[in-house]
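# Working through the structure, step by step
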Amino acid sequence: MSKRGYAASKKLLTGLIGAPIAHSASPAMHERAAEALGLRGHYQLIEVAGADAAGLRMMLEGVRRLGFAGVNVTYPYKEAVVPLLDELAPGAAAMGAVNTVVARDGRLIGHNTDTTGFARAVAPLLAPSGNAVAVIGTGGVGKAIAFALASLKVSGLRIFDSETARAEKLASLLARHGGATVAKSVEDALDGATGLVNGTPVGMLPNRGMPVPATLLHEKMWVADAVYSPLITPLLAAAQAKGARIMTGRELAIYQAADAFELFTGLAPSTEVMGEAFDEVMAARSAAYNAA
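These figures come from a predicted structure and were not determined experimentally. (Residues numbered from 1 in each chain as written. Predicted model: local features only at pLDDT ≥ 70, side-chain atom pairs only at ≥ 80, totals over all residues. Heavy atoms only, no water.)

### Details of the side chain of Lys-143
Our working definition: In DSSP terms, a helix is any run of H or I states spanning at least four residues, a strand is any run of E spanning at least two, and both are numbered starting from the N terminus. Using a 1.4 Å probe on the protein chains alone, a residue whose accessible area is under 20% of its type maximum counts as buried, one over 50% counts as exposed, and one in between counts as partly exposed. We define a polar contact as two N or O atoms separated by no more than 3.5 Å, with the added condition that, inside protein, one atom must be a possible hydrogen donor and the other a possible acceptor, whereas residues neighbouring each other in sequence contribute only through side-chain atom pairs. Residues count as neighbours in contact if any of their non-hydrogen atoms are within 4.5 Å of one another.
The topology assignment puts Lys-143 in helix α6 (residues 140–151). By relative accessible area, which is 5% here, Lys-143 ends up buried. A polar contact of 3.0 Å, which involves the side chain of Lys-143, links it to the side chain of Glu-79. Look past the residues within four positions of Lys-143 in its chain and what remains in contact with it is Glu-79, Met-95, Gly-96, Ala-97, Thr-138, Leu-170 and Leu-173.

Next comes the structure, spelled out in C-alpha cells:
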C-alpha cells in the first residue's frame, strides 16, 4: 500500500515471526510510531517454535492474505524464510538472511534492516583511520552485522563461529564486499582488535553467559552487543569494568525497527518516539526481574 493509502486507511497490521519472542520490544516501538503518525497500528507476535519449511510457508501465506503490510522475522528463521519469499532486496540476497518481509501487491519481498540499523548505530564508534573488528557469531544477526561493518569499509574484519563451516560460508559471501578473515578461536579474533560485536544470543536472559572471556577485553577497545534483554549484558558489564566503550543493543533495536517501519509504510517514523517506547518496555522488564 502506498504512503497515501496508509494515510487514508489509518490502519496498519504488522508483526514478528520467531521464537522465543515474548520479550520483544517491537510491538511497543511499532505501535507507538504508528500512533505518532496518526495510524491505528497493531503489531502481532507470531511465536511458533520448531517450524519447518511447510510451517513457515503457512505463516507467510497468512501474511500475504490477511492484510499485513509486512512482518519482521527473528531467531531462528532469518535464513529459513529466504527460499520461501517471492523476491529479495539486493542486500538480503547478498547475505542470505532476512529480518523484514514486506507484503506488496500479493508478493512477499525480503529485506534486512539489521544491516542498515547496525550501520547507523555503530558508525560513531569507528575510527576514521581504520579498524580491526571481531564479530562473534555468524547466524542471521551476525551476518547482518558483518555486512554492515563491510559497508562501512572496516579494514580488518574477523569473524568467528563455533561452527567453522558457517563462518567460512559468510566469509565467501563477504569476498565481494571487502572480505573478512575466519578466526580459529575467539582469542584469534580479538588479537589486536579495536572493536568487538556479539552477534550470538549468549547473554540474553535467562542466559547469563559471555561469548568471550573477560580477560580478552581492555580499555582501548569498544564492545557492542546485539542482545538487549538485559540492556547491560554480562559482556557489556565486563567491558565497562575494563574501561572499554560500549554500545548496547538499544540502538540496533531502534534503528532496525525504524527502517522496517519505513519499508512497511513508506513513512519515516520518529526514532525518538520508538526509543521512548523501547525504554519504557525495558524499565518495566527490569522492575519485574528485580522484584522476582
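### Let's talk about the UniProt feature "domain: SDH C-terminal" (unreviewed entry) in the chain
For the record, the criterion: UniProt positions are given in the numbering used here, feature names are shortened, and annotations may be inferred rather than shown by experiment.
Mapped onto this numbering, the UniProt entry annotates "domain: SDH C-terminal" (unreviewed entry) at residues 253–274. A distance of 9 Å separates the end C-alpha atoms of residues 253–274, which is 77% helix and 0% strand.

### Quick word on the layout of surface pockets
Defined as follows: A 1.4 Å probe that fits into a set of points on a 1 Å grid over the protein atoms alone but cannot get out defines a cavity; an open set with protein on both sides within 12 Å along at least five of seven lines defines a pocket, and lining residues are those with an atom within 4 Å of a point. Grid points are joined across faces, edges and corners, and a volume is the space filled by probe spheres set on the points. Each residue gets one label: Ala, Val, Leu, Ile, Met, Phe, Trp, Tyr, Cys and Pro are nonpolar, Asp, Glu, Lys and Arg are charged, and the others, such as Gly, are polar.
Of the voids in this model, the largest pocket is the one considered here, and its volume is about 960 Å³. Along the walls of the largest pocket sit 45 residues, with Thr-74, Tyr-75, Lys-78, Val-141 and Met-204 positioned nearest its centre. The residue makeup of the lining of the largest pocket, split by class, is 23 nonpolar, 16 polar and six charged.

### Brief notes about unusual backbone geometry
Look at the link from Ala-19 to Pro-20: it is a cis peptide, with omega at -5°. Relative to the elements of secondary structure, Pro-20 occurs in the loop between β1 (11–18) and α2 (26–36). Residue Pro-76 is bonded to the preceding Tyr-75 through a cis peptide linkage, with omega at 5°. One can find Pro-76 in the loop between β3 (70–73) and β4 (87–88). Residue Asp-105 is not a glycine yet carries a positive backbone phi of 55°. Looking at where Asp-105 falls in the secondary structure, it is placed in the loop between β5 (100–104) and β6 (107–111). Judged by relative accessible area, which is 76%, Asp-105 ranks as exposed. Phi at Lys-153 takes a positive value of approximately 65°, unusual for a residue other than glycine. Here Lys-153 is to be found in the loop between α6 and β8 (156–160).

### Description of the pairing of strand β7 (residues 132–136)
Definition in use: Between any two strands, at least two bridges found by DSSP are needed for them to pair.
Counting buried residues along β7, five of its five residues qualify, which places the element largely inside the surrounding structure. Covered by surrounding structure in β7 are Ala-132, Ala-134 and Ile-136 together with Val-133 and Val-135, the residues of both alternating faces. Bridge count for β7 against β8 is five bridges, and the pairing is parallel. Among the inter-strand pairings, Ala-132 is bridged to a residue of β8, identified as Gly-156. Direction of pairing for β7 relative to strand β10 (residues 195–198): parallel, over a ladder of four bridges. Each bridged residue has a counterpart across the sheet, and for Val-135 the counterpart in β10 is Val-197.

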